[in-house]
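# Commentary on secondary and tertiary structure
Okay, here's what each chain looks like letter by letter:
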Amino acid sequence: MIDITMTATWRPELLERTLKSFFKNLWITKDPRLKLIINIDPVGSPTDKSGDIIELCSNYFREVQVNRPEKAHFPSAVQWVWTQTKAPFIFNLEEDWELLHPIDFEKMLWNFAQN
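Residues numbered from 1 in each chain as written. Predicted model: local features only at pLDDT ≥ 70, side-chain atom pairs only at ≥ 80, totals over all residues. Heavy atoms only, no water.

## Brief notes about a negative patch on the surface
Short version of the rule: Excluding any residue in a salt bridge, patches collect residues exceeding 30% relative accessible area, merging like charges within 9 Å and nonpolar Val, Leu, Ile, Met, Phe, Trp and Tyr side chains within 5 Å. To measure how exposed things are, a 1.4 Å probe is used in the Shrake-Rupley method; for residues, cover is taken only from the protein chains shown. By definition, a salt bridge exists where a carboxyl oxygen of Asp or Glu is found within 4 Å of a side-chain nitrogen of Lys or Arg. Within this scheme the basic residues Lys and Arg register as positive and the acidic residues Asp and Glu register as negative, but His and the chain ends are omitted. Lysine's charge is taken at NZ, arginine's at CZ, aspartate's at CG and glutamate's at CD. A helix here means a DSSP run of H or I that spans at least four residues, while a strand means a run of E at least two residues long, and both kinds are numbered starting from the N terminus. Buried residues are those whose accessible area, probed at 1.4 Å on protein chains only, stays under 20% of the maximum for their type, while exposed residues exceed 50% and partly exposed ones sit between those limits.
A cluster of acidic residues, Glu-13, Asp-48, Asp-52 and Glu-55, forms a negative patch on the protein surface. Looking at where Glu-55 falls in the secondary structure, it is placed in helix 2 (residues 50-60). Judged by its relative accessible area of 52%, Glu-55 is exposed.

Now the structure itself:
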C-alpha cells in the first residue's frame, strides 16, 4: 500500500493535468495499492470547486480520504495529510506537478523495499 498525500486548492483543471501525467507515466488508474489523502483548501476560485476535485480524484483512485477546511492554511493542510498516513510508503504529490517521462512503478517499489 502507498499513501499519496496532496494539498490542493479549488483548481480542478490544474489538478487534472497533474493526475493525467502521473497516471500516464507512473501509476495504473484505480490501483488498489494506492490511497489518496487530500486536503482541499478553499482558494483558487471564487466558487467552491471541491466537489469537482473529489470527483476527479475518484476517477483515478479507489480510495480517497478528503479534508475540506473552512479556511485555507497550508501548514495545517500539510500536517493533516501527513498525520493520516498509515502505509509503509508515502508519496507526496503537489497539485501543480507534471510527470514528463515514464517511470517503472514496480522497479521504483522494489528500490524502496530494498532500503
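That shown, we press on.
## Details of unusual backbone geometry
What you tend to see is this: most non-glycine residues have negative phi, and most peptide bonds are trans. Positive phi is not limited to glycine here, since Lys-30 has a value of about 65°. Following the sequence through the fold, Lys-30 ends up in the loop between helix 1 (12-25) and strand 2 (34-41). Its relative accessible area of 34% is what places Lys-30 among the partly exposed residues.

## A word on the pairing of strand 1 (residues 2-9)
Where we set the bar: A crossover gets the label right-handed when its path from the first strand over the helix to the second runs clockwise, viewed with the strands pointing away from the viewer.
By the criterion of burial, strand 1 is predominantly enclosed, with eight of the eight residues buried. Side chains of strand 1 alternate between two faces, with Ile-2, Ile-4, Met-6 and Ala-8 and Asp-3, Thr-5, Thr-7 and Thr-9 buried alike. Crossover handedness for the path strand 1 to helix 1 to strand 2: right-handed.

## Some words on the pairing of strand 2
Threshold: A strand pair is defined by DSSP finding two or more bridges across the two strands.
Counting buried positions along strand 2 yields eight of eight residues, so the element is predominantly enclosed. Alternating positions in strand 2 separate into two faces, Leu-34, Leu-36, Ile-38 and Ile-40 on one and Lys-35, Ile-37, Asn-39 and Asp-41 on the other, with burial throughout. Bridge count for strand 1 against strand 2 is eight bridges, and the pairing is parallel. Bridging from a neighbouring strand, Thr-5 pairs with Ile-37 of strand 2. Once the chain exits strand 2 it traverses helix 2 before rejoining the sheet at strand 3 (residues 63-67), and the crossover so formed is right-handed.

## Let's talk about the sheet that holds strand 4 (residues 89-92)
The condition is simple: Helix axes are fitted to C-alpha atoms over the stretch in contact, other axes to C-alpha atoms as well, and angles between N-to-C directions run from 0 to 180 degrees. Throughout, a residue-residue contact means that at least one pair of heavy atoms, one from each residue, lies within 4.5 Å.
Spatially, 3-2-1-4 is the arrangement adopted by the four strands of the open sheet, whose pairing is parallel. The outermost strands of the open sheet, each flanked by one partner alone, are strand 3 and strand 4. With direction set aside, neighbouring strand axes in the sheet form an average angle of 20°. Taken strand by strand, helix 4 (residues 105-114) contacts strand 1, strand 2 and strand 4, and its axis lies near 125° from that of strand 4.

## Quick word on the packing of aromatic side chains
The geometry of an aromatic ring pair is captured by the separation of the ring centres together with the interplanar angle, meaning the angle of the planes. Inclusion rule: Each Phe, Tyr or Trp ring (for Trp, its six-membered ring) is paired with any other whose centre lies within 6.5 Å, and the angle between the two planes then decides the class: stacked below 30 degrees, edge-to-face above 60, tilted in between.
Summed over the entire model, instances satisfying the criterion amount to eight aromatic pairs. Consider the rings of Trp-27 and Phe-91, whose centres lie 5.3 Å apart with planes at 80°: the pair is edge-to-face. In this pair, Trp-27 sits in the loop between helix 1 and strand 2 while Phe-91 sits in strand 4, placing the two residues 64 residues apart along the sequence. Judged by its relative accessible area of 18%, Phe-91 is buried. Through a chain of ring-to-ring contacts, the aromatic side chains of Phe-22, Phe-23, Trp-27, Tyr-60, Phe-61 and Phe-91 assemble into a single cluster.

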